[in-house]
Amino acid sequence: MSEDKPGREKAAARIENLRAELRRHEHLYYVMDAPAISDAEYDSLMNELKRLEAEHPELVTSDSPTQRVGGKPAEGFGKVKHSRPMLSLDNAYNVEELTAWDKRVRELAGLLPVEYVAELKLDGLSVALHYGPADGGGSTLLTAITRGDGQTGEDVTGNIRTIKSVPLTVSAVALKKAGLPQAFEVRGEAVMPLAAFARMNEEREADGLAPAVNPRNAAAGTLRTLDSKIVARRRLDLYAYFLLVDGEYWPQGQSATLQTLVSLGFRVNRNRKLLKSVEEMTAFIEDAEARRSSLGYEIDGVVLKVDAQATQERLGYTGRAPRWGIAYKFTAQSAVTMVRDIIVQVGRTGKLTPVADLVPVFVGGTTVSRATLHNADFIAGLGLKIGDWIKVERGGDVIPKVVEVIEDHEHPRGTTEFAFPAQCPECGSEVVRAEGEVDWRCVNASCPAKLRESLLHFGRRSVMNIEGLGDAVVQQLLEKELVSSVADLYSLDEEALGKLKKEVVRVDKKTNEKTAKSEALLGPKAIRTLLDQIENSKKAGLARLLMGLGIRFVGERTAEFLAEEFGSIQALEGASAQELERVEEVGPRISQAIIEFFSQPANKELVKRLNEACVEMEAEKKMRSTQLEGLTFVLTGTLPTLSREEAKKRIEAAGGKTAGSVSKNTDFVVAGEEAGSKLDKAHKLGVPVLSEPELLAKLGADITPRKPTEEEQS
Ligand code: IVH
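I will try to describe carefully the structure that is included in this document. (Residues numbered from 1 in each chain as written. Predicted model: local features only at pLDDT ≥ 70, side-chain atom pairs only at ≥ 80, totals over all residues. Heavy atoms only, no water.)

## Let's talk about the overall build of the protein chain
Step number 1: From N to C terminus, the protein chain includes 26 helices and 26 strands.
Step number 2: Each principal axis of the C-alpha atoms in the protein chain carries an extent, and together these give about 85 × 80 × 45 Å.
Step number 3: Of all 714 residues assigned to the protein chain, the portion counted as buried reaches 44%.
Step number 4: For the protein chain, the proportion of contacts with a sequence separation of at least 24, taken over those separated by at least 6, is 66%. (Helix = DSSP H or I, 4+ residues; strand = E, 2+ residues; numbered from the N terminus. Buried < 20%, exposed > 50% of the residue type's maximum accessible area, 1.4 Å probe, protein only. Contact = heavy atoms within 4.5 Å.)

Structure below.
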């Protein structure tokens with residue numbers, strides 16, 4: 001493509017302009033938490049830049065905001081030596097230890113000033129970011145390295161680049177103001193925010209994978225993921241706390257260094273303070289501990305650093321840690337206790353979950369007596385036996401977790417190997433473990449536990465939202481044989497609910513005699529409320545109903561995508577695997593589960609009965625695009641933002657077809673980086689070639705409503 005020079009210059013100027021704007025908005029959004037434009041406005045600037053860069057590939061630079069996510073997955077991670085060792089900190093667990101540390105610091109400091117900077121101890125992984133000279137006098141991110149063993153770490157540059165709070169460039173102006181050379185190093189903590197952690201575990205669970213134990217492990221695993229596209233979706237964050245030049249700390253002192261990092265565009269945790277005494281330290285610690293649960297990310301303590309550089313130098317280092325810093329660790333969020341028994345619970349899908357019955361122990365503010373053990377592999381991995389001593393942890397998400405078996409404790413009652421049951425503990429039916437899966441399942445379709453759990457699930461707030469449908473009510477509905485499927489909920493009436501009972505034990509104050517009496521579980525008012533809630537749930541909508549049906553792997557997001565795409569249960573029921581897999585996030589595993597679900601006569605009957613009960617089964621009609629109807633596409637090379645699978649889905653969702661090889665029947669070849677023989681063939685056959693932005697433009701344009709089907713017309 002040849003182009004006149006002024007056109008190119010104009011594009012280059014606009015590109016620079018867009019990049020500067022996008023960087024400014026990324027900084028406002030991700031570092032300052034103060035967005036100045038809407039997401040849509042941001043996307044539109046980004047799309048314009050993507051389009052211009054696609055038209056002028058020679059103008060693409062690695063520090064452009066479009067280049068956060070690299071094209072190809074990494075082959076592995078290279079090892080890189082640190083400019084100076086990344087040390088750890090000594091710990092203090094109480095005020096006495098803190099006081100002793102302060103005393104020693106003051107002794108060693110002599111006449112030098114002693115003030116401390118208090119920072120939060122973020123529960124993530126420390127990383128080192130190396131910046132080097134960029135054109136125009138600024139700096140650009142060159143390499144990012146994990147801590148590793150402290151001497152040598154792994155090169156995770158591609159993954160760190162996806163973190164939007166990490167600047168890819170630092171301007172010459174900012175460097176000049178800070179008095180910093182173009183080559184410098186920033187160290188900080190990479191963390192996974194709790195919201196991102198919850199979402200990741202939801203997805204893992206839907207995929208039948210064991211959840212990550214805590215955000216720190218999740219962040220570590222994410223940073224070691226080879227595909228930076230996956231890393232980008234996980235939304236890690238990075239807080240900077242050190243600045244180095246040539247392997248030496250920037251000589252301003254800690255407090256001023258943090259300020260400099262802010263001026264360079266890095267995210268620095270705002271919970272920091274310059275302190276003078278142990279009293280001030282304890283106040284800061286108390287405050288941090290009080291706010292711990294509302295921060296949105298995990299912290300496990302407070303870090304205290306001597307502020308002045310000269311004092312730091314005087315204090316120096318012990319073998320593994322600086323004397324000028326200490327980590328105050330919060331009261332244990334973990335505790336040691338004994339496993340009394342392992343109980344196996346049956347879930348609504350028939351999944352058998354082993355749960356540890358613990359000698360009650362106080363952890364992080366509550367008493368814990370149960371903890372999930374996930375599956376047989378988890379127990380085997382821990383090497384856990386009944387009677388073992390274990391360590392339980394309570395993370396930010398409150399669910400207690402068994403993290404390790406304590407080997408060197410005595411076992412007063414001995415230990416017994418746990419054998420996973422060969423029969424369902426609720427109904428005695430056979431249990432099976434499908435190939436490639438970690439879970440055992442009860443095969444009995446009418447296992448009472450499945451029904452109980454399905455009813456509870458159906459009533460959940462995030463599903464059909466029937467608040468009154470709790471444990472006691474469900475238990476009684478089953479005992480009195482009032483329901484044998486969720487559809488039966490809709491035929492309950494006042495008379496039926498009046499039959500639910502509870503046992504009350506009365507103690508005669510004089511004689512101390514106990515008498516058990518059976519009373520109504522629900523009063524007239526509670527019955528009315530429950531019936532109203534059941535009635536209201538009919539309007540919960542298609543997505544929630546899909547979740548409520550309990551189709552395997554269909555969680556909230558997938559249900560929403562399915563509802564949006566298919567619009568009704570009837571349409572979904574008749575869908576083929578191919579049609580299902582056009583939906584975002586639906587792959588062969590989920591499509592199989594959906595087909596399997598609707599192929600069961602009992603489930604067909606359930607849907608029919610829900611329909612008869614007037615439960616809403618349609619979503620608002622989606623405008624369906626047909627703009628690529630009749631066109632065949634061939635994808636080749638690595639596209640800048642879309643994966644091959646995503647591009648294919650989008651083309652198919654717009655009515656187009658994709659093929660594996662180029663022929664005269666091909667309408668377009670979509671080519672990305674390192675496109676090979678398919679591109680050559682396209683040129684040879686004269687098939688038009690599109691870039692990703694051009695494809696996206698085609699997809700975005702001219703969305704026409706779907707034609708009504710015959711059924712809808714009649
Ligand atoms: S300073 C030699 N500051 O805690 C200085 N570390 O126990 C060591 N950490 O390996 C790092 N928040 O992973 C520092 N504000 C903070 C921190 C922090 C979390 C982690 C870091 C380090 C460990 C030291």
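## Focus: helix H22 (residues 601–612)
Step number 1: Given a rise of 1.5 Å per residue, twelve residues ought to cover 16 Å, and the 16 Å separating the end C-alpha atoms of H22 matches this to within 8%.
Step number 2: Of all the residues in H22, the buried ones are Asn603, Leu606, Val607 and Leu610. Down the axis of H22, the buried side of the element spans an arc of 95°, and every buried residue falls inside it. In H22, the exposed residues that point more than 90 degrees away from the buried face are Pro601 and Glu612.
Step number 3: The inward-facing, buried residues of H22 contact helix H17 (542–549), helix H19 (569–573) and helix H21 (588–599).
Step number 4: Cys614 sits one or two positions beyond H22 and adopts a positive phi of about 70°. (Expected span 1.5 Å × (residues − 1). Arc of directions from axis to C-beta.)

## So, the environment of Leu258
Step number 1: Structurally, Leu258 is set in helix H9 (residues 254–263).
Step number 2: The class for Leu258 is buried, based on a relative accessible area of 1%.
Step number 3: A C-alpha to C-alpha distance of 62 Å links Leu258 and Gln600, two positions 342 residues apart in sequence.
Step number 4: Leu258 has contacts with Val117, Glu119, Ala240, Tyr241, Val268 and Arg272, leaving out every residue within four places of it along the chain.

## Quick notes on the site of the ligand
Step number 1: Taken together, the neighbourhood of the ligand is formed by 14 residues, with Glu119, Lys121, Leu122, Glu189 and Lys305 sitting nearest.
Step number 2: Between a nitrogen atom of the ligand and a side-chain N or O atom of Tyr241, the distance comes to 3.4 Å.
Step number 3: Lys305 has a polar side-chain atom sitting 3.0 Å from a nitrogen atom of the ligand.
Step number 4: Taking 520 Å² as the accessible area of the ligand by itself, protein coverage stands at 92%.
Step number 5: Taken together, the residues of the shell around the ligand break down into eight nonpolar, two polar and four charged. (Near = heavy atom within 4 Å. Polar contact = N/O pair within 3.5 Å; in protein donor to acceptor, adjacent residues only side chain to side chain. Areas by Shrake-Rupley, 256 points an atom, 1.4 Å probe, with all protein chains shown as cover. Nonpolar A, V, L, I, M, F, W, Y, C, P; charged D, E, K, R; others polar.)

## Brief notes about the sheet that holds strand E23 (residues 632–636)
Step number 1: Pairing is parallel in the open sheet, where four strands are placed in the order E24-E23-E25-E26. In this open sheet, the two strands that pair with only one neighbour each are strand E24 (657–659) and strand E26 (689–690).
Step number 2: Direction of pairing for E23 relative to strand E25 (residues 668–671): parallel, over a ladder of four bridges. Paired with Thr636 across the strands is Ala671, a residue of E25.
Step number 3: The sheet strands contacting helix H23 (residues 644–653) are E23 and E24, and the helix crosses E23 at an angle near 170°.
Step number 4: Helix-sheet contacts for helix H24 (residues 677–685) involve E23, E25 and E26, and the interaxial angle to E23 is about 135°. (Pairing = 2+ DSSP bridges. Axes fitted to C-alpha atoms, helices over the stretch in contact; angles between N-to-C directions.)

## Quick notes on unusual backbone geometry
Step number 1: The backbone phi angle of Arg235 is positive, close to 55°, even though this residue is not glycine.
Step number 2: Within the secondary structure, Arg235 is located in the loop between helix H8 (228–234) and strand E9 (237–245).
Step number 3: Residue classification places Arg235 among the partly exposed positions, given a relative accessible area of 48%.
Step number 4: If you check the backbone angles, Asn512 has positive phi at about 65° while not being a glycine.
Step number 5: One can find Asn512 in the loop between strand E21 (501–507) and strand E22 (514–520).

## A short note on the packing of aromatic side chains
Step number 1: Taken as a whole and judged by the stated rule, the model has 15 aromatic pairs.
Step number 2: Each ring, one from Tyr241 and one from Phe242, has its centre 5.3 Å from the other, and the planes form 85°; the classification is edge-to-face. Each member of the pair, Tyr241 as well as Phe242, is classed as buried.
Step number 3: Note on Phe418 and Phe420: the rings are 5.9 Å apart at their centroids and 80° apart in plane angle, and the pair reads as edge-to-face.
Step number 4: Taking the relative accessible area as the measure of exposure, Phe418 reaches 17% and is therefore buried.
Step number 5: Of the aromatic side chains, those joined through ring pairs into one cluster are Tyr241, Phe242, Tyr249, Tyr317 and Trp324.
Step number 6: The residue whose ring lies beneath Lys305 is Phe242, and the NZ or CZ to ring-centre distance is 4.2 Å.
Step number 7: Taking NZ or CZ as reference, Arg589 lies 3.9 Å from the ring centre of Phe553, over its face. (Phe/Tyr/Trp six-rings, centres within 6.5 Å; stacked < 30°, edge-to-face > 60°. Lys NZ or Arg CZ within 6 Å of the ring centre and 35° of its normal.)

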